[in-house]
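What follows is the residue order along each chain.
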Amino acid sequence: MLTKRIIPCLDVVDNRVVKGVNFLNLRDAGDPVELGARYSDEGADELVFLDITATIRSRKTIVELVEKVAENVFIPFTVGGGIQSVEQIDELLRSGAEKVSVNTAAVANPNLLAEAAQRFGNQCVVLAIDARRSKDRPGKWQVCVKAGSEPTDIDVVEWAARGEESGAGEILLTSMDADGTKAGYDNELNKAVTDAVNIPVIASGGAGTLEHLYDAIIDGGADAVLMASITHFENYTITQMKEYLRDRGVPMNL
Amino acid sequence: MIVVIDYNVGNVKSVCNAFKHIGCEAKLSREAGVIENATGIVLPGVAAFGYAISSLGPLAGLIKSMALGGKSLLGICVGYQMLFESSSEYGRHKGLGLLGGNVGPIPPGRVIPHMGWNLVELPEDMDLFAGLGNEKHFYFAHSFCAAVTDIKAKIAYANYGFKLAASVQKANIYGTQFHPEKSGKTGLKVLHNFADICKKQEKKN
């Protein structure tokens, strides 16, 4: 049986980790390499690095960052942010990333997921979805692109299922409504997506307490839980999270 | 020195980084002259099988003949899958044929890819797991798996709703479906054990 995964997320701007609320009001949270190595030592199951500015200049920085992280981190890590081509995916994997997440480019170029999966295997290809509750359609969520700034008409659950068909090996599902609020994951969203796909889903956005992690796994059906605020600002250690979940019967790598 | 085969697929550098971290010398190379002088060979791999085996090109023959000659060889993930006879990932592809068995899709009825940390039962007589006890978690990320038919192979299994061959050893040939270079401290110990195996083997020769 697979254990459930604890995944700290490092949003990176100009070689610093930052964290905001609802994708806004960013606050500094430290050096990405140091923080990554610390989480790796503490027993995190994986890491996610997101280049949230995703400019041409930052893309070069992120490759260098991936190389440095890979020298110090011996657990898997995913890199995302502004990735548009198979060549860029190749470069990041060769620099030491285990997986690459694609968001906006998967919407703009529907072949990208399939091309990447055929070349690198679908376990390397993560479809990142920024989801926002639809105002017009209750109980539905819409896919947002360009770091959440641009809503589309695409339904999140349909998009996730199409992503799986195209070749995504995992879905990183972020609730924009819950992100950074520490009020809990959007487990209706998580449940809707985990019911619709057969690939692992990482629940993201809203973790504030240990119980929230449990709820995302049990109520949301998530295979992994991602968090930023509650680890970066040291509310909880990785061990505390894992012990709590293990004691409530969730299989953990401890 | 251990040589990690560099053949244009993802994640080759991570294996070198891990060896460096534990104080073992390992060199990334695709040159026949360098590979021929290796004390041990690591065949890593993050790629689809067909792409990986064709990227290996003429190195496939060299690695196979060195392994048959007694050189310690460790295949990781797709590098492990390539040790077998064939794979059906995106078409039909021939492997190195060093281990009996074929690679096919993970049986349906579970989450695929098999991605994350799975407990592996560690047989006492497998050298790669010396000092690690009866069972440990390792990191897996794959959609295909080997059905081992080789009667001479020792096998460490993981339970993923079916018996998954997580690691195989046949004489000097070793393979892990999981990623030791990404399995934290436990995985680093496996790489350390492989480095020790290579050293012992060199002394014998």
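Each remark here, short or long, concerns the structure printed above.
Here's a quick rundown of the structure.

Thresholds, definitions, all that
The numbers attached to residues start from 1 for each chain and follow its sequence in the written order. Note on labels: chains are lettered from A, ligands numbered from 1, in written order. Owing to the predicted nature of the model, reporting of local features is limited to residues with pLDDT of at least 70; listing and counting of side-chain atom pairs is limited to 80 or more, with chain, interface and lining totals taken over all residues. Under the scheme used here, helices are H or I runs from DSSP no shorter than 4 residues and strands are E runs no shorter than 2 residues, and both carry numbers assigned from the N terminus. The globule rule used here is 2.2 Å times the number of residues to the 0.38 power, and the radius of gyration it is set against is calculated over C-alpha atoms. We call a residue exposed when 12 or fewer other C-beta atoms sit within 10 Å of its C-beta, buried when the count reaches 20 or more, and partly exposed for counts in between; the C-beta positions come from the backbone. What counts as a contact is two residues whose backbone-derived C-beta atoms lie within 7 Å of each other. All residues other than Ala, Val, Leu, Ile, Met, Phe, Trp, Tyr, Cys, Pro, Asp, Glu, Lys and Arg, Gly among them, are scored as polar; the first ten of these are nonpolar and the last four charged. Any two strands with at least two DSSP bridges between them are considered paired. What counts as an axis is a line fitted to C-alpha atoms, over the stretch in contact for a helix, and the angles between N-to-C directions run from 0 to 180 degrees. With respect to orientation, any angle under 35 degrees is reported as roughly parallel, any angle over 145 as roughly antiparallel, any angle of 65 to 115 as roughly perpendicular, and every other angle as oblique. By definition, any crossing whose near helix is turned counterclockwise from its far helix by less than a right angle is left-handed, and any crossing with a clockwise turn is right-handed.

Moving on, we get to the overall build of chain A. Each helix and strand counted, chain A has ten helices and twelve strands in total. By the compact-globule yardstick of 18 Å for 254 residues, chain A fits well, its C-alpha radius of gyration being 16 Å. C-alpha extents for chain A along the principal axes are approximately 45 × 45 × 40 Å. Evaluated residue by residue, chain A yields a buried proportion of 55% over its 254 residues. If you take every contact in chain A between residues at least 6 apart in sequence, the share linking residues at least 24 apart comes to 65%.

Glancing now at the interface of chain B and chain A. At the junction of the two partners, chain B supplies 31 residues and chain A supplies 28 residues. Contributing elements (two or more residues each) for the side of chain B that touches chain A: α1 (12–21), β8 (114–121), β9 (135–142) and α6 (184–204) of chain B. If one sorts the elements of the side of chain B that touches chain A by residue count, α1(B) sits on top with five residues. Classifying every residue of the side of chain B that touches chain A by side-chain character gives 15 nonpolar, 13 polar and three charged.

For the α-helix, the turn length of 3.6 residues means that residues three or four positions removed from each other point alike. Looking at helix α5 (residues 112–120) of chain A, one finds that the buried residues are A:L112, A:L113, A:A116, A:A117, A:R119 and A:F120. Looking at the buried residues of α5(A), the elements they touch are α3 (86–95), β6 (99–102), α4 (104–108), β7 (125–133) and α6 (156–166) of chain A together with α3 (49–56) of chain B. Following α5(A) by one or two positions, A:G121 adopts a phi angle in the positive range, close to 90°.

All right, on to the pairing of strand β7 (residues 101–105) of chain B then. Residue and element names in this part refer to chain B. By the bridge criterion, two bridges tie strand β5 (residues 86–87) to β7 in an arrangement that is parallel. Within β7, the position partnered with S87 by the bridge is V103. In this sheet, strand β10 (residues 144–148) lies alongside β7 in antiparallel orientation, the contact comprising five bridges. Pairing of P105 across the sheet is with F144, part of β10.

Let us now look at the sheet that holds strand β6 (residues 93–94) of chain B. Ordered in space as β6-β5-β7-β10 (chain B), the four strands form an open sheet in which the pairing is mixed. The open sheet terminates on both sides in strands that have one partner only, identified here as β6 and β10 of chain B.

Two faces belong to every sheet, and in a regular strand the side chains alternate between them. Residue and element names in this part refer to chain B. Where burial is concerned, the two faces of strand β3 (residues 40–43) agree: the one with G40 and V42 and the one with I41 and L43 are both buried. When strand β1 (residues 2–5) meets β3, the two strands line up parallel, connected through three bridges. For V3, the partnering residue across the bridge sits in β3 and is I41. The sheet contact formed by β3 and strand β4 (residues 72–76) spans four bridges and is parallel. By the bridge assignment for β4, I41 is matched with L73.

Residue and element names in this part refer to chain A. Put simply, helix α8 (residues 210–218) and helix α10 (residues 238–247) touch, their axes get as near as 10 Å, and they point 55° apart. As far as their axial angle goes, α10 and α8 are oblique. Of the two elements, α8 crosses α10, and the hand of that crossing is right-handed. Counting all contacts with α8, which are made through L210, L213 and Y214, the residues of α10 involved are M241, Y244 and L245.

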